[in-house]
Structure formats: C-alpha cells, structure tokens
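# Analysis of the macromolecular model
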Amino acid sequence: MGYCCKQQKYKKRDIIVLEILPKILKYKIARAMGGRSPLPMNYTISLLYSCNSRCQTCNIYNKTAKNLTLSEYKEIFRHLGRSPYWITFSGGEPFLRPDIDEICLAVYKRCKPAIINIPTNGILTEIIIEKMKKMTSGCPKTQFVVNLSIDGIGEQHDKIRNVEGNYEKVMATYKGLQELKAKNLSLGIHTVISAINVDDFHYIASELINLKPDSYITEIAEERVELDTMGSNITPDIVAYKAAIDFLIHRIKNGTYKGIGKITEAFRIEYYELVKQIMRDKTQIIPCYSGIASAQISPDGDIWSCCIKARPMGNLRENDLNFKRIWNNHNAILERKSIKNKECWCPLANASYTNMLMNIPILWRVFNRSFIKWYN
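Residues numbered from 1 in each chain as written. Predicted model: local features only at pLDDT ≥ 70, side-chain atom pairs only at ≥ 80, totals over all residues. Heavy atoms only, no water.

This part is about the overall build of the chain. Regarding its fold elements, the chain presents 13 helices and nine strands. In terms of C-alpha radius of gyration, the chain reaches 20 Å, essentially the compact-globule figure of 21 Å for 376 residues. Across the 376 residues that make up the chain, the buried fraction comes to 57%. Considering only residue pairs separated by 6 or more positions, the chain has 77% of its internal contacts joining residues 24 or more positions apart. Summing over all exposed atoms, the chain offers an accessible surface of approximately 16700 Å²; the carbon and sulfur share of this is 54%. (Helix = DSSP H or I, 4+ residues; strand = E, 2+ residues; numbered from the N terminus. Rg over C-alpha atoms; globule rule 2.2 N^0.38 Å. Buried < 20%, exposed > 50% of the residue type's maximum accessible area, 1.4 Å probe, protein only. Contact = heavy atoms within 4.5 Å. Areas by Shrake-Rupley, 256 points an atom, 1.4 Å probe, with all protein chains shown as cover.)

It is worth spelling out the sheet that holds strand β2 (residues 86-90) at this point. Across the sheet, nine strands lie side by side as β6-β5-β4-β3-β2-β1-β7-β8-β9; this open sheet has mixed pairing. Because the sheet does not close on itself, it has two edges, and the strands there are β6 (215-220) and β9 (314-315). Summarising the sheet, strand β8 (residues 302-304) and β9 pair through two bridges and their orientation is antiparallel. Residue pairing across strands places I303 opposite G314, the latter belonging to β9. Lying over the sheet, helix α7 (residues 201-209) contacts β5 (185-193) and β6, oriented at roughly 155 degrees with respect to β6. (Pairing = 2+ DSSP bridges. Axes fitted to C-alpha atoms, helices over the stretch in contact; angles between N-to-C directions.)

Backbone torsion omega between G91 and G92 reads 15 degrees, so that peptide bond is classified as cis. Along the chain, G92 falls in the loop between β2 and α3 (100-111). One non-glycine residue, K181, lies in the positive phi region at around 55 degrees. Locating K181 in the fold gives a position in the loop between α6 (166-180) and β5. Here K181 falls in the exposed class, since its relative accessible area comes to 69%. The phi dihedral of K342 is positive, around 60 degrees, even though this residue is not glycine. Looking at K342, the relative accessible area reads 46%, which means it is partly exposed.

Under the 1.5 Å per step criterion, the end-to-end length of helix α4 (residues 125-138) is 20 Å for 14 residues, consistent within 8% with the ideal 20 Å. Within α4 the residues assigned to the buried category are T125, I128, K131, M132, M135 and T136. In an axial view of α4, the angular spread of the buried residues amounts to 135 degrees, which keeps them on one side of the axis. Turned more than 90 degrees from where α4 packs its buried face, E126, K133 and S137 sit exposed. Turning to α4, the residues buried within the fold contact α3, β3 (115-120), β4 (143-149), α6 and β5. (Expected span 1.5 Å × (residues − 1). Arc of directions from axis to C-beta.)

Bringing the confidence of the model for the chain into the picture now. For the chain, the average pLDDT comes to 89, and 91% of its residues sit at 70 or higher. Contacts from residues 1-15, a stretch scored under 50 in pLDDT, to residues over four places away or in other chains number 20 contacts. (pLDDT = per-residue confidence, 0-100.)

What follows deals with the environment of I76. Within the secondary structure, I76 sits in helix α2 (residues 70-80). For the pair I76 and I285, spaced 209 residues apart in sequence, the C-alpha separation works out to 33 Å. Each residue touching I76, except ones within four places of it in the same chain, is listed here: L68, I297, L316 and L321.

Once that is clear, we can look at the nonpolar core. Core analysis: the biggest nonpolar cluster contains 97 residues, and F77, F89, M132 and F323 have the highest contact counts within it. The greatest single-element share of this core, amounting to ten residues, is contributed by helix α9 (residues 260-281). Apart from residues no more than four positions distant in its own chain, F323 is found in contact with L39, P40, Y43, H79, L80, A295, I297, I303 and L316. (Core = buried A, V, L, I, M, F, W, Y, C linked by side-chain atoms within 4.5 Å.)

Each aromatic ring pair is summarised here by two numbers: the centre-to-centre distance and the angle between the ring planes. Applying the stated criterion across every chain, the model contains seven aromatic pairs. Centre to centre, the rings of W364 and F367 are 5.7 Å apart; their planes meet at 25 degrees, and the pair counts as stacked. Separated by three residues within a single helix, W364 and F367 lie in helix α13 (residues 360-375), roughly one turn from each other. The class for F367 is partly exposed, based on a relative accessible area of 24%. Three or more aromatic residues link up through ring pairs in this structure, and these residues are W86, Y271, Y272 and Y353. For the cation-ring pair, R336 lies above W327, with the distance from its terminal atom to the ring centre recorded as 4.9 Å. (Phe/Tyr/Trp six-rings, centres within 6.5 Å; stacked < 30°, edge-to-face > 60°. Lys NZ or Arg CZ within 6 Å of the ring centre and 35° of its normal.)

Let us look at the pairing of β6. Burial analysis of β6 places six of its six residues in the buried class, the great majority of the element. Here β6 shows no split at all, with S215, I217 and E219 on one side and Y216, T218 and I220 on the other all buried. Bridge analysis of β5 against β6 gives six bridges, and the strand direction is parallel. Counterpart to I193 in the pairing with β6 is I220.

In structure tokens:
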C-alpha cells in the first residue's frame with residue numbers, strides 16, 4: 001500500500017475520533033454534575049421480542065409486546081434528530097420485522113447515524129440478504145455492521161439454538177452477505193460464551209475466525225430481565241471464561257484486520273480485559289454512562305438506561321413519542337444517580353463500548369493499537 005493510501009485511511013479513522021470527541025466531553029460534564037443530560041449517542045432499539053430460535057441462553061421469545069409501528073418510529077426519529085451516532089436494531093430476531101428495511105431508511109433520513117448494527121441468528125437467509133441489499137444501497141453514508149450469532153460448530157450450534165439446520169442456514173447467510181460486496185457493510189460473527197459451550201470455545205473460535213469475518217466478537221452469557229434468564233445459571237465459571245477469553249485476545253493480537261475492523265478489534269481487547277475484572281470484582285470497574293450516553297427503547301416504547309435492569313423511565317406512547325420528555329424526567333435523573341453510585345454492575349457489551357469511549361486511558365490504548373502501530 002502506498003503512502004498516500006495509508007494517509008487517506010489514517011485521516012478517515014481520525015475523523016471518527018474528531019466526530020465523537022465533543023460528545024464525550026458533554027457526557028462527562030453531565031455525569032459529573034448529575035441531573036439533566038444531552039440526548040445519548042448510542043441507542044439500542046429492540047424491534048420485537050419474537051424470535052425463531054429457542055436458545056438455551058435466552059427466553060426472550062416468551063415475552064409479548066404491542067410493537068411500535070413504522071409511523072411511530074418515524075415520529076420518534078424526528079424527535080431524536082441528529083443525536084444518534086450508533087444505533088443497534090435488536091430483537092428477538094430483527095429480520096422477523098417485514099418493515100426492518102423501511103425502519104432503517106426512516107432513521108437514515110431523519111437521524112443520519114454513522115453506524116447501524118444488526119445482530120441476527122441468520123436463519124432467514126433470503127430475507128436477510130434482500131433486506132440488507134436495500135438498506136446498504138438506500139443508506140450509503142451509514143456503515144452497517146451485521147453480526148451473525150454462532151455459538152458452536154455444526155450440530156453443537158443447532159443444539160444450543162434448538163433449531164435443526166440452523167448452522168447450515170447461518171453459513172448460507174454469511175456467504176450471501178459476503179457476495180453482496182457492499183462497501184458500507186461490515187460482516188461479523190458473534191458468539192455467546194456460556195456455561196454450555198465455554199469448554200469448547202478454543203475450537204469454536206478457531207473455526208469461526210478461520211472464516212475471515214470482518215470482526216469476531218463474543219459476549220458472556222448473563223442473567224438479564226430483558227432476556228427472561230434470571231436464575232438460569234448460564235453464566236460460565238470465571239476461571240473457564242478467563243481461559244477462553246485469554247485465548248481469544250491472543251488470536252486478536254496476532255490477527256490482521258483492516259479499516260474499521262482494526263479499531264473494532266482494539267476495543268474488543270479492552271472489553272474482554274474489562275469483563276474479566278468486572279466478573280472478578282463484581283462492581284463497576286470504569287464509570288458507567290448508561291442513561292447518559294446510551295439508552296434502550298423496548299418494542300412497546302419503554303425507555304431503559306440498559307437492558308440488564310430494564311427499568312422503565314417512561315413510555316414513548318404516553319409522551320407523544322417524544323424521547324426528550326422522558327430523557328430528563330424525574331425517573332431518569334434517579335436512574336443516573338443510582339448508576340453513578342455503583343448500585344449496579346454488569347459486563348453488557350453495548351453499554352461497555354460506550355463507557356470505554358468515555359475513558360481516556362482506554363482511548364489512548366485503542367489509539368495506540370489501531371492508529372500509531374498501523375501508521376508506522
């Protein structure tokens with residue numbers, strides 16, 4: 001690669017940092033002062049609870065909701081304005097929403113998010129490929145990240161997910177999305193490390209990394225209110241988890257990643273080290289910005305600081321779909337106070353990445369791994 005090409009890619013990564021720095025400063029000030037906060041930059045929007053998997057690590061399919069409609073989402077996005085930088089459309093299974101492409105086009109038109117992340121079990125191959133083709137072409141200035149959930153190899157994955165042929169279908173989806181060759185699509189693989197598969201993780205990770213996804217990510221199985229898994233004992237033993245994650249960190253450090261994947265993997269290393277400390281000490285290791293820089297919207301319009309607690313601060317339908325009315329109400333301020341006082345702790349990935357953006361030592365290490373070493 002020539003010097004000019006290197007310099008151009010370096011500038012693109014630099015622009016990402018420059019875009020979020022002002023936001024970081026605002027959130028740090030808001031947390032220090034307490035009380036009111038600017039609108040978040042990281043939104044998780046759960047489109048539905050319905051799912052066509054029956055995972056041993058998730059019972060969300062048992063829950064029901066009166067899902068927000070496309071017209072309601074359009075009004076919500078209008079009120080959010082340009083505040084979203086990163087949006088995750090989750091489920092259940094997001095691609096069970098036949099209007100998921102229209103929802104993405106609506107948020108692109110009104111909010112212009114830099115990143116849209118969509119996790120999927122990959123079962124609905126043809127639908128997923130068709131929808132992603134429409135979304136990537138219709139939202140050219142947004143980077144899409146599709147993470148295919150794979151928790152085992154072959155029959156092991158089918159058994160964990162309780163869907164016959166799931167592994168074969170998700171592999172077909174992976175290949176089909178690769179063949180789209182969309183410039184604004186990053187294709188990742190996501191593994192939930194649980195008490196069920198932790199002992200096989202070395203093999204699972206090696207096989208999936210060999211598929212050469214743009215990124216390979218993991219998350220520890222947790223007992224969550226949102227997933228209806230409280231008391232399920234799915235979280236792996238800390239010693240076994242540490243062995244699994246140390247192996248993955250070694251693979252990442254010795255891997256070759258390009259573009260946004262290089263920055264992503266630098267954050268992954270930090271996240272995995274953070275999770276080990278959180279699970280060991282059972283407390284917040286770095287300040288949590290849930291309810292300030294990140295938030296979640298449930299399928300029926302409740303606003304939560306995060307999905308671990310899933311404690312409603314208010315409902316959008318009861319507030320004319322105006323997120324701002326809820327974001328700085330009395331319940332929201334009390335929730336921020338509780339989080340700041342470390343009355344909760346968790347290794348939730350989505351919130352943790354936002355928290356790491358607010359932490360200067362972590363940002364410096366990520367910068368060193370993905371910018372300075374690359375540039376030299």
